[in-house]
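Report on the structure
Below are the chains, spelled out letter by letter.
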Amino acid sequence: MEKYLRKNFDVEPKRPSEEALRRWRSAVWLVKNPRRRFRMVADLAKRAEDARKLENFQEKIRVALYVQKAAFHFISGVSRGEQYRTSEEIKQAGYGIDPEELATIVRNHDFKRLEQHGGVEGCAKKLSVSIQNGVSSNEIHHRQKIFGVNQFVEKPARPFWMFVWDALQDMTLIILMVCAVISVGVGIATEGWPGGMYDGLGIILCILLVVLVTAISDYKQSLQFKDLDREKKNVIVQVTRNGSRQKVSIHELVVGDIVHLSIGDLVPADGMFLSGYSLSVDESSLSGESEPVDIGRENPFLLSGTKVQDGSGKMLVTSVGMMTEWGRLMDTLNEGGEDETPLQVKLNGVATIIGKIGLTFAILTFLVLTFRLIAKKAILGQIRKWSTNDALDLLNFFAIAVTILVVAVPEGLPLAVTLSLAFAMKKLMNDRALVRHLSACETMGSANCICTDKTGTLTTNHMIVTRLWICGECKIIGSNSSQNALMSTASEEVLHTLLQSIFQNTSGEVVKGKDGKPSVLGSPTETALLEFGMLFYGNSAPIFRESKILKVEPFNSNKKKMSVTVSLPGGGVRAFCKGASEIVLGMCDKLIDKDGQSVLLTVDQRKSLTDVINGFACEALRTLCFAFKDIEGNSSTDDIPENSYTLIAIVGIKDPVRPGVREAVQTCLDAGIIVRMVTGDNIHTAKAIARECGILTDDGIAIEGPEFREKNLQEIKRIVPKLQVMARSLPLDKHKLVTFLRKELREVVAVTGDGTNDAPALHEADIGLAMGIAGTEVAKENADVVIMDDNFATIVNVAKWGRSVYFNIQKFVQFQLTVNVVALITNFVSACITGSAPLTAVQLLWVNMIMDTLGALALATEPPHDGLMRKPPIGRNVNFITKIMWRNIIGQSVYQLAVLGVLQFQGKKLFNLSGPDSTSTLNTLIFNTFVFCQIFNEINSRDMEKLNVLRGIFGSWIFMWIIVSTVAFQVIIVEFLGTFADTVPLSWNLWLASIFFGAAGLLVGVVLKCIPVSLERKTTTTASSHHDGYEALPTGPELA
C-alpha cells in the first residue's frame, strides 16, 4: 500500500509541483461525492485562468506606467482644455474632488491633471484634510459613505442549504434513494398502506439524517475558515488622525488619511507621496516588474498591494477598496483555492484503495445473494415463476450491495484532515498563532529543528537602556539619578550632541497620547532610546527645529546601522550614525571628550572600547554605538559618509528573557527538536541569552555570520550538527543555513523572521514563522504561520498541535479501517453462508455515520496532551499506516468478527432465542453488538500505544458528546424505530450482552498493546526510523 501511495499520492508540503497535483487527481478512483470530497482541493483550471488574467493585468499596468504619457495625452487632449467640474453630490458633502477623478490620476500617473488640482497639497485641500493633523475621527463614517470602504467585494459565504445540496450529491446515496422510492411503491402495491412503505421510508429517513449531520459538520468548518481568512486580511497601519499618530485596521482606512510607511509595509490603498526619505516600492505584484520604483516628488503615485522595499514616508490616501488598482485586480480573479496538504492527498489514496476493495465485496455480495435466490427457486422448481416479492428481494440485495459500498468507500478520510486542521487552526488562533497555510499546521508536527530569532521571540522585546559609556566612563542608568550622573561626566554640549543623535536619527516618534502625556511609537529599540532621551526633558520631547533632516538611510539587517544627515544652524551639515557597536566603532577614527571636542581614537582606546562593548554584551545587553561627522558642502543628494566618524557614546539595552522560554526550549529538546538561535546581535550577547534560555550547551558551537559565510561545504557539514548560536548574521546567512539543513541533512526546518530581508528564509523553510508584533507585512506574507504574540512558547504550541493533527488522523484511520473490515467481511460471509445480510441498508447507513462524520468529529478534534512532546518528531517519507496501527486494526477486527460470527451461527442457542421473532431478535442483537464494538473501539483508538485510553477523556467534550449521542440514538433506533430500521426491542440481558461484548474490546486493546512490534531498520541521513513512523531520539554519542 505504501509503495502505491508514494508513487501516486505524494506531494510536497510547500509549493507542490503541478505534475504531482495532477498525478494524484488522475489516480483517485471511485469518488462517491466529488463536490464534497474535493471542496477543499485547489482548482487547477481556475488557478491557470487567474495566472492568465494576472499576466494580462500586469501588461496593462506596464503600458500605463511606461507609455501612458503620449497615448493618454493624445487621446484626452480635447478634454484637457476643459476645466474640471466637481459633481454636486461631492460639493454638498464638503469636498472639491470626485473619487473617480482621484482614482484616474493615480491609476494613469497623470501629472498634468494632478497639477490642475494644485499638486498633492491641492488634492489634500480639496479633500478637506490637514497634512499635519490628518482627518478627524468624527469624519470617518462620512468619508466612508462618500468615498467608499477599504474592503474588497468578497464572494458571499455559502449558505447552509448549499452544504445540504453538496451532501446530497453522493452518487451512492442517490442510488439508495431511488431504490427506496421503488421499494415504497412496490411495497405499498404488495403489502398495502402503511406496512409496505416502512422499509423504503426507513432508508430515506436515514439518508436525510446522514445528509443533515454531514452538512452541519461541513458548514461549521466553513465558518471556521471564514474567521481565519478574515483575520489573515486584517493588517494594522499607522496613520495621523486628530493631530497624533495612531494604529488602525486597514479596513478602517479612509480617503484623506495620512499613512506612515516604512520598510516591509504593504501599501494599504492608492495614494500620493507627501514626504519621506529614500522611499522605494516593489510593484511586481501589479506590474510584474521586479525593479523597485523610487517614490518622491517626481513620482508621487503609490498603488495598493505594492510593498515598501526601502526608506520611509507619508502618503495621502486617495482611493480605497474597489476603487484601487488592487481592488480592480481582485475583482477579476477567481478563487483557485489553497494547495491540498500531504495528508489530504495521502488519505485520498487510502480511500481509493479501500474503495476498490469495497466495490469488489459489494459486487460479490450482490452476486452471491442473487445466485442463492436463483438456486433456491431452481431447487423448488419455480425458476420461471417470479413475483413482486422476488423483485423486492433483488432490490433489497442491490440496496445492501450499494450500502456496503457506502460504508466501504471512506469518503470521510480526506475530509477528516480538513476537519482536524480547521479545529487546530481555530484553537491556535485563540492561542495567538495565525496559521496562513493549511499544510503548515500539519508539517509543524514533523519539525526537528527550529531556527529562532532572539529579540522579541526569546526575549520580551520590552527594552530599556540600563548602561551607558560616554566620555570614558560607564554609567548605570536609572530614571532618577541619570541626569545628574551624566551632567557630572559630560558637558552640556556633549549631552546636546547625544540627544540630537537620539531624537533626529530615529525611525520612532514621540506623540501625544489620549491622556495628554507623551508616548513613543516605533520599534522596541527606538522606544528604549527615545524614552532614555526623554529622561532629560520631562514630559516633552525636544524639537530640533534649527536642524532640518536632509537625507535618511533607514536601518536594515544587512548594514545593521541607521544614518541621517541634518543641516546645522550655523551652516554646514552633520551626519549621525547609530547601529551595531563593532560596525559603527569601525567607522570611527575619533571620539568626543568631556568638553565636546573630537580627539583622535588611539589603538589602546579602541581596544578599551571593544572591552566595554564585550562587557555590556556578556551581561546579555544589546549594544549600540552613536557617532557623528561634520561635513562641508553636503546636500540631500549626496551619499551619507561611511567613515571618519566621531564616537559619542555606547549604550547597553536590557531585553529580558521571556518567562517560560527556558521551559519551552527544554520541551523542544525532550521532543527531539533542536533549537538554534540566529540573531544579528553581538556574539557575546547572543551566547549569554542562549545560555539563559538553555539553547547553548557546553559542547555547543556559537559562530558569527561572517565566519560561517567563509566556510566551505565540508566545514559546514562538520560544524552544523553542533551549531547552536549564529550571531551577527545577515538574512543571507539564515537562508544559507536553512537550505543546508533541508537539502543536505534532510531536516524539517521551522524558521522565524520579522524583517523584509527574512522573506527568502521564511519562503525556503518547511515552516516559515513570522512575528505578528515586530514582523513586517512582507515577512508575514512569506510566512506559513504568524506568531501573534512573538513568543517562542507559542511556536512550541504550534508544534504540539501539528503532532496532534497527525496523531488524530492516524487514530481516525485506525478506527475507520477496523469498521470497514468488520462490516465488509460480516455481510459477505453471512451472505455466502445464510443467503441474507445481518446488517440492513438502514443499519449500515447508521454505522457509516458513526464511523465517518461522527467518528471524524470525535477523534480528529481531540486536543493535544503533553505526552505528544515527549515523542520524537515525525520523519520524512514514513509509513502513514504504521505497524502499530496494523496490529490494532487486525487484532480488533479478528475479535469483532469472532464475536459476530458466534452470534450469527450460535446466537439463538446461546441466548435461548426461539419463536417467530427469534431471527429478528438475533439480527438486532448482532447489529447492537456491532455498534457497541465500534463505540468502545472509538475509545480504544484514543491512544494507539498507551494502555490507559480513558486518561483525559472528560477533557475532550466533543468526544464525550458524540459517544453519549451515539449511545442515546442507538437506544432509540433499537427500541422505538424498529419499523424503519428492521429492529425489535431487546431485553435487558441482551442489552447487557451487547455492552459486554463491546466493552471487552477495551481488554482486547490492552492485550494487543502488550504485543511488541518489531522496529523498522532504515538507514537515513539523520536518524534511524522508529516503528511507529517517528524518528528515534538520539542516544549516547548521537545525542550531540
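Keep in mind it's a predicted model, so treat the numbers as computed, not measured. (Residues numbered from 1 in each chain as written. Predicted model: local features only at pLDDT ≥ 70, side-chain atom pairs only at ≥ 80, totals over all residues. Heavy atoms only, no water.)

The number of helices and strands found in the protein chain is 39 helices and 26 strands. Here the protein chain holds 1040 residues, and 56% of them are scored as buried. Taking contacts inside the protein chain between residues at least 6 apart in sequence as the whole, the part at least 24 apart equals 73%. Here the protein chain displays about 43900 Å² of accessible surface, and carbon together with sulfur accounts for 57% of that area. (Helix = DSSP H or I, 4+ residues; strand = E, 2+ residues; numbered from the N terminus. Buried < 20%, exposed > 50% of the residue type's maximum accessible area, 1.4 Å probe, protein only. Contact = heavy atoms within 4.5 Å. Areas by Shrake-Rupley, 256 points an atom, 1.4 Å probe, with all protein chains shown as cover.)

Between helix α26 (residues 661–670) and helix α33 (residues 792–834), the least distance of the axes is 9 Å, while the angle of their chain directions is 30 degrees. Considering the angle they form, α26 stands roughly parallel to α33. As for the relative orientation of α26 and α33, their crossing is left-handed in sense. Here α26 contributes Val661, Ala664, Val665, Thr667 and Cys668 to the contact with α33, which in turn contributes Phe792, Ala793 and Val796. Grouping the constituent residues of the contact of α26 with α33 by class yields seven nonpolar, one polar and no charged. (Axes fitted to C-alpha atoms, helices over the stretch in contact; angles between N-to-C directions. Parallel < 35°, antiparallel > 145°, perpendicular 65-115°, else oblique. Left-handed = near helix turned anticlockwise from the far one by under 90°. Nonpolar A, V, L, I, M, F, W, Y, C, P; charged D, E, K, R; others polar.)

Strand order in the open sheet formed by eight strands is β8-β26-β25-β24-β9-β21-β23-β22, with mixed pairing between adjacent strands. In this open sheet, the two strands that pair with only one neighbour each are β8 (433–435) and β22 (701–704). Going across the sheet, the axis of each strand differs from the next one's by a mean of 20 degrees, ignoring polarity. Across three bridges, the pairing between strand β25 (residues 767–771) and strand β26 (residues 785–787) is parallel. (Pairing = 2+ DSSP bridges.)

On to the pairing of strand β7 (residues 307–319), then. Relative to β7, strand β3 (residues 258–261) runs antiparallel, the two sharing four bridges. Residue pairing for β7: Val259 is matched across the bridge by Met315. Bridge analysis of strand β4 (residues 270–282) against β7 gives 10 bridges, and the strand direction is antiparallel. Of the residues in β7, the one forming a bridge with Val281 is Val308.

Attention now goes to the environment of Ala664. Mapped onto the elements, Ala664 comes out in helix α26. Placed 129 residues apart in sequence, Ala664 and Ala793 show a C-alpha to C-alpha distance of 5.5 Å.

Next up on the list: the packing of aromatic side chains. Enumeration according to the criterion identifies 10 aromatic pairs in this entry. Ring geometry for Phe160 and Tyr219: centres 5.6 Å apart, planes at 75 degrees, overall edge-to-face. Here Phe160 is found in helix α12 (residues 160–167), whereas its partner Tyr219 is found in helix α14 (residues 198–232), with 59 residues between them in sequence. Since its relative accessible area comes to 30%, Phe160 is described here as partly exposed. We classify Tyr219 as partly exposed; its relative accessible area is 26%. Taken together, the aromatic side chains of Phe160, Phe163 and Tyr219 make up a single cluster linked through ring pairs. Cation over ring: Arg158 sits above Phe163, and NZ or CZ is 4.8 Å from the ring centre. Here the basic side chain of Arg942 rests over the ring of Phe959, its NZ or CZ set 5.5 Å away from the ring centre. (Phe/Tyr/Trp six-rings, centres within 6.5 Å; stacked < 30°, edge-to-face > 60°. Lys NZ or Arg CZ within 6 Å of the ring centre and 35° of its normal.)

Right, let's talk about helix α35 (residues 883–910) for a bit. Most pronounced at Gln904, the bend in α35 amounts to some 60 degrees. Positive backbone phi, at 55 degrees, marks Asn912, one or two positions downstream of α35. (Bend = angle between axes of the 7 residues up to and from the residue.)

Here we come to the environment of Gly596. Here Gly596 shows up in the loop between β17 (588–592) and β18 (598–600). Expressed as a C-alpha distance, the spacing of Gly596 and Ser491, which sit 105 residues apart in the sequence, is 6.9 Å. In this view, Gly596 contacts Ser491, Glu493 and Val494; residues no more than four positions away in its chain are not counted.

According to UniProt, the positions carrying the feature "transmembrane region" (unreviewed entry) are residues 171–190, 196–216, 353–375, 395–424, 952–974 and 986–1008. End-to-end, the C-alpha atoms of residues 353–375 are 33 Å apart, and along that stretch the chain is 100% helix and 0% strand. Regarding residues 986–1008, the helix share stands at 91% and the strand share at 0%, and the terminal C-alpha atoms are separated by 31 Å. (UniProt positions renumbered as here; feature names shortened; annotations may be inferred.)

Looking now at the pattern of salt bridges. A side chain with one charge may pair with a side chain of the opposite charge, provided their charged atoms come close. Taken as a whole and judged by the stated rule, the model has 35 salt bridges. A salt bridge links Asp166 to Arg158; the shortest N-O distance between them is 2.7 Å. Residue class for Asp166 comes out buried when judged on its relative accessible area of 4%. Lys607 is the partner of Asp611 in a salt bridge, and the nearest nitrogen-oxygen pair spans 3.7 Å. (Salt bridge = Lys/Arg side-chain N within 4 Å of Asp/Glu carboxyl O.)

Even without glycine at this site, Ser128 takes up a positive phi of about 55 degrees. When its relative accessible area of 37% is taken as the criterion, Ser128 is described as partly exposed. Unusually for a residue other than glycine, Ser644 sits at a positive phi of about 60 degrees. Of note, Ser644 is situated in the loop between β19 (621–631) and β20 (645–654).

A few words now on α33. End to end, α33 covers 63 Å across 43 residues, agreeing with the expected 63 Å (1.5 Å per residue, within 8%). The buried count for α33 comes to 36 of 43 residues, which makes it a mostly enclosed element. Capping the start of α33 is the job of one residue whose side-chain oxygen sits 3.1 Å from the backbone nitrogen of Ala793: Asn791. (Expected span 1.5 Å × (residues − 1). Polar contact = N/O pair within 3.5 Å; in protein donor to acceptor, adjacent residues only side chain to side chain.)

A separate point is the packing of α33 against helix α36 (residues 918–940). Axis separation between α33 and α36 bottoms out at 10 Å; the angle between their running directions is 160 degrees. Judged on the interaxial angle alone, α36 and α33 are roughly antiparallel. The way α33 lies across α36 gives a crossing that is right-handed. Residue-level contacts link Phe815, Thr818, Val819, Val822 and Ala823 of α33 to Phe930, Gln934, Asn937 and Glu938 of α36.

Grouped together as the largest cluster of nonpolar side chains are 164 residues, with contacts concentrated most on Leu176, Met444, Ile767, Val785, Phe792, Ile809 and Val813. The element contributing the most residues to this core is α33, with 18 residues. With near-sequence residues (within four places) excluded, Met444 lies in contact with Ile450, Ala750, Ile767, Leu769, Ile795, Val798, Ala799 and Gly802. Within the second largest apolar cluster, 47 residues are counted, among which are Tyr95, Val235, Leu261 and Ala269. (Core = buried A, V, L, I, M, F, W, Y, C linked by side-chain atoms within 4.5 Å.)

Together, Met171, Ile174, Val178 and Ile182 make up an exposed nonpolar region whose accessible area comes to about 330 Å². Summarising the element assignment, Ile182 is placed in helix α13 (residues 171–191). Overall, the relative accessible area of 41% leaves Ile182 in the partly exposed class. (Patch = residues over 30% accessible without salt bridge, like charges linked within 9 Å, V, L, I, M, F, W, Y side chains within 5 Å.)

Further remarks concern the confidence of the model for the protein chain. In this model, the protein chain carries an average pLDDT of 83, and 90% of its residues clear a pLDDT of 70 or more. Under a pLDDT of 50 for its full length, residues 75–81 has, in the predicted model, six contacts with residues more than four places off or in other chains. Segment residues 1017–1040: pLDDT under 50, and 57 contacts once partners within four positions in sequence are set aside and those in other chains are kept. (pLDDT = per-residue confidence, 0-100.)

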